[in-house]
Amino acid sequence: MSERLTRFFASRWGIILTGVIIGILASLLQKLGNPPNMGICVACFERDIAGALGLHRAAVVQYIRPEIIGFVLGAMMAAYAFREFRARAGSAPIVRFILGMLAMIGALAFLGCPWRALLRLAGGDLNAIIGLAGLAVGITIGVQFLKSGYNLGHSHKTYPAVGWIMPVVMVGLLLLAIFQPKVGENGAIFFSESGPGAMHAALAVSLGAGLAIGFLAQRTRFCTMGSIRDVVLMRDYHLISGVGGLLVAAFVTNLALGQVNLGLFGQPVAHSSHLWNFLGMTLAGLAFALAGGCPGRQLFLSGEGDGDAAVFVLGMLTGAALAHNFALTGKPDNVAEGLGGGLTPSGMLAVILGLIVCLVIGFTMRERIQPETTEAQPTPTGATFGK
Amino acid sequence: MTKKVDARGLSCPQPIILAGKAIEAGDFPIEVLVETVTSRENVRRMAEAKKCRVQVEAIGDEFKLVITR
């Protein structure tokens, strides 16, 4: 039975069903209180968590988002239910941390992760097309590195406790979200009183949606970055059919709920500075491709015991803090004054530097692929183990 | 001789890239060792898309895929 379910989840219909459910839930969460033109954004929500912990002090984006907690715990439940929880770590963690930071800086220049880019498009925000184009370009660059031997090396099996750290951190965050302790007058935790951080569905609803999505996505390996990577790398349309399901389901749900607002300028929590929307997502896409997964996928992996994915997530939290502390994030369009938003000079510099760092990582972490005809010997990467 | 590919501990999409190269080289049968169910399903799907037959064997908590044509 378990094996049959596993085969179903690995099938085309399994991934489409997951995409459809994510799309519907994201649009419903928006209706139930989550920020408009957002629904679920993994990058924005991790940024909100960083703010709630006081890692940055942007007062309008601080909230412990239960969806993120649900993603990790739901994935953990699925991994245990199907005996897939495997504690592993040790594959270039510091590089993964830096890639997480840079991915977040790129995503916050655009104001959204790949999930939100799709959801923005499903709500009529045409800036998302530019962001998605940038994402595809970044991933395509990453694929060239993969083709020429780029990899982060082996992870190793490790103590179950290592795999448990991220789920336990999430339980800790859940307790903070429920009890909302305040340590001193100016101390954490911080919850926004206005702005996107103040907009949220009820905690139990958000957590439930997060758990469901985490469970399904762990089973089906849902990954937005991977969907584009697989098409570019090997013309495999499996994952992208799930992403298509998300887009269509979110659009239909938005239509039904009256949440479609077609246009470019003045979209909620978004800016129409096309160059930086494009380059921000190029940076994010490249960083995700080099790290092997979109931010959602990194959360699901961290729930099934992958300590390296957990390091990437911590890198994203740090990147969010730095992005706000150094004013690197995209500024939304100011509709009242008719002013377009965009990036500060420091934000532009950060995106360019981030792209350079990613390229250096891509070029310097390539391994010469052994010709298939040579006598295979055990290698440090174990790419071949005998013939 | 059996071609062997050890993709244990390598993260996505390395197992598929390595197994794909072995399939293209055409030295069947190919044994691929992977560690996670994700890699097992990904390699299986890729190989089947390339019109290969795939047999899966669980070895402890790892998997051996034997790919033939």
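Computed from a predicted model, the values in this text were never measured in an experiment.

Criteria and thresholds
Residues numbered from 1 in each chain as written. Chains lettered and ligands numbered in written order. Predicted model: local features only at pLDDT ≥ 70, side-chain atom pairs only at ≥ 80, totals over all residues. Heavy atoms only, no water. Pairing = 2+ DSSP bridges. Helix = DSSP H or I, 4+ residues; strand = E, 2+ residues; numbered from the N terminus. Axes fitted to C-alpha atoms, helices over the stretch in contact; angles between N-to-C directions. Contact = heavy atoms within 4.5 Å. Core = buried A, V, L, I, M, F, W, Y, C linked by side-chain atoms within 4.5 Å. Buried < 20%, exposed > 50% of the residue type's maximum accessible area, 1.4 Å probe, protein only. Buried area = accessible area lost by both parts, 1.4 Å probe. Salt bridge = Lys/Arg side-chain N within 4 Å of Asp/Glu carboxyl O. Polar contact = N/O pair within 3.5 Å; in protein donor to acceptor, adjacent residues only side chain to side chain.

Draft legend 1. Region of interest: the sheet that holds strand β3 (residues 53-59) of chain B. Residues and elements named next belong to chain B. Strand order in the open sheet formed by 4 strands is β1-β2-β4-β3, with mixed pairing between adjacent strands. The outermost strands of the open sheet, each flanked by one partner alone, are β1 (3-6) and β3. Averaged over all neighbouring strand pairs, the angle between strand axes comes to 20°, with direction disregarded. Bridge analysis of β1 against strand β2 (residues 30-34) gives 4 bridges, and the strand direction is parallel.

Draft legend 2. Layout of the side chain of T38(B). Relative to the helices and strands, T38(B) resides in helix α2 (residues 37-49). Not counting residues within four places of it along the chain, the set of residues in contact with T38(B) comprises R221(A) and R297(A).

Draft legend 3. Local environment of the nonpolar core. In this structure, I40(A), L99(A) and W115(A) are the most contacted members of the largest nonpolar core, which totals 97 residues. It is helix α12 (residues 274-291) of chain A that contributes the most residues to this core, 11 residues altogether. Aside from chain neighbours lying at most four places away, what touches L99(A) is Y150(A), A287(A), L290(A), A291(A), F312(A), C358(A) and I361(A). Counting residues in hydrophobic clusters, the runner-up holds 20 residues, among them V5(B), V32(B), V43(B) and I67(B).

Draft legend 4. Up close: the interface of chain A and chain B. Counting residues at the interface gives 31 residues for chain A and 33 residues for chain B. Buried area between chain A and chain B, both sides added, is near 2,900 Å², and the carbon and sulfur share of it is 54%. Between D61(B) and K157(A) there is a salt bridge, and its shortest N-O distance comes to 3.3 Å. One can count 11 residue pairs in polar contact (both at pLDDT 80 or more) joining chain A with chain B.

So yeah, pure geometry; function would need other evidence.
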